[in-house]
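# Structural description and commentary
Letter by letter, the chains look like this.
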Amino acid sequence: MFRVEDTILSDDIATAQFACDLPKCKGACCVVGDAGAPVTEKEVPKLEEAYALLKDDLHPEARQTVEKWGIVQKSRDGLELSCRDNAECIFVSYSKDGVAYCAIQKAYLDDKLEWEKPMSCHLYPLRLNKVGNITYANFEYIPKLCAAACSKGKEEVIYLSDFLKEPLIRRFGKQWYEKFQETCKEMRMKSNEAVTL
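Analysis parameters
Residues numbered from 1 in each chain as written. Predicted model: local features only at pLDDT ≥ 70, side-chain atom pairs only at ≥ 80, totals over all residues. Heavy atoms only, no water. Helix = DSSP H or I, 4+ residues; strand = E, 2+ residues; numbered from the N terminus. Buried < 20%, exposed > 50% of the residue type's maximum accessible area, 1.4 Å probe, protein only. Lys, Arg positive; Asp, Glu negative; His and termini not counted. Salt bridge = Lys/Arg side-chain N within 4 Å of Asp/Glu carboxyl O. Polar contact = N/O pair within 3.5 Å; in protein donor to acceptor, adjacent residues only side chain to side chain. Contact = heavy atoms within 4.5 Å. 1 Å grid on protein atoms, 1.4 Å probe; cavity = no way out; pocket = protein on both sides within 12 Å on 5 of 7 lines; lining within 4 Å. Points joined across faces, edges and corners; volume = space filled by probe spheres on them.

### Comments concerning the side chain of Arg 188
Summarising the element assignment, Arg 188 is placed in helix 10 (residues 174-196). Put simply, Arg 188 is tucked away with no salt bridge, and the nearest opposite charge, on Asp 162, sits 4.5 Å away. A distance of 2.7 Å separates the side chain of Arg 188 from the backbone oxygen of Ala 14, its partner in a polar contact. When sequence neighbours within four positions are dropped, the list of residues in contact with Arg 188 reads Ala 14, Thr 15, Tyr 159, Ser 161, Asp 162 and Gln 181.

Dropping the structure here:
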């Protein structure tokens, strides 16, 4: 584990190589799972705004799910996005080649929304957990979701810390990210030195 200000991170966040490979994984992180993505109370109004805008373009079962359960549901860990019966997020849409994508993010990129998507989705495969004033960050590696991304990251030499630059700055700020990157580079150097000894 290593620490950057009030955040404690698992070592693999500094050393893992990762870059999403959508043609191979087909956006599985939005579809596979036994629970919806974690969201905060502050994000609920943004989700409601997004749903009002996108409702007619979403899958009929997604609309039925919202009518029955709401956009978010309570879990033992807090709030999470509602999912259809098959674990698919209510905001999932599909491209012509069958890749699942976030309808909220597409609306953001099309300048229809000013909010990109829930922070937990933007940061994936990192998961955050706050205890008191300390935030804990872990790399949630799930082979059937992340294997293709890890392979692509190794092939193209893209580190997880670089791949997640935008969401990490969005969550923690630029100054934090710069400290984080310095620490990651130091840890990778030490790791490489240990391998060559």
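### A look at the layout of surface pockets
The computed volume of the second largest pocket comes to approximately 170 Å³. For the second largest pocket, the full set of lining residues is Leu 53, Leu 54, Asp 57, Leu 58, Ser 93, Tyr 101, Ala 103, Lys 106, Ala 107, Asp 110 and Lys 112. Elements with a contribution of two residues or more to the lining of the second largest pocket: helix 3 (44-54) and helix 5 (103-109). The element that contributes the greatest number of residues to the lining of the second largest pocket is helix 5, accounting for 3 residues.

### So, unusual backbone geometry
Glycine aside, a negative phi is what most residues show, and trans is what most peptide bonds show. Residue Pro 125 follows Tyr 124 across a cis peptide bond; omega there is 20°. As for its position among the elements, Pro 125 is in the loop between helix 6 (119-123) and strand 8 (126-131). Phi is positive for Glu 5, close to 55°, though the residue is something other than glycine. Secondary-structure assignment places Glu 5 in the loop between strand 1 (2-4) and strand 2 (7-9). Despite not being glycine, Lys 26 shows a phi value in the positive range, around 60°.

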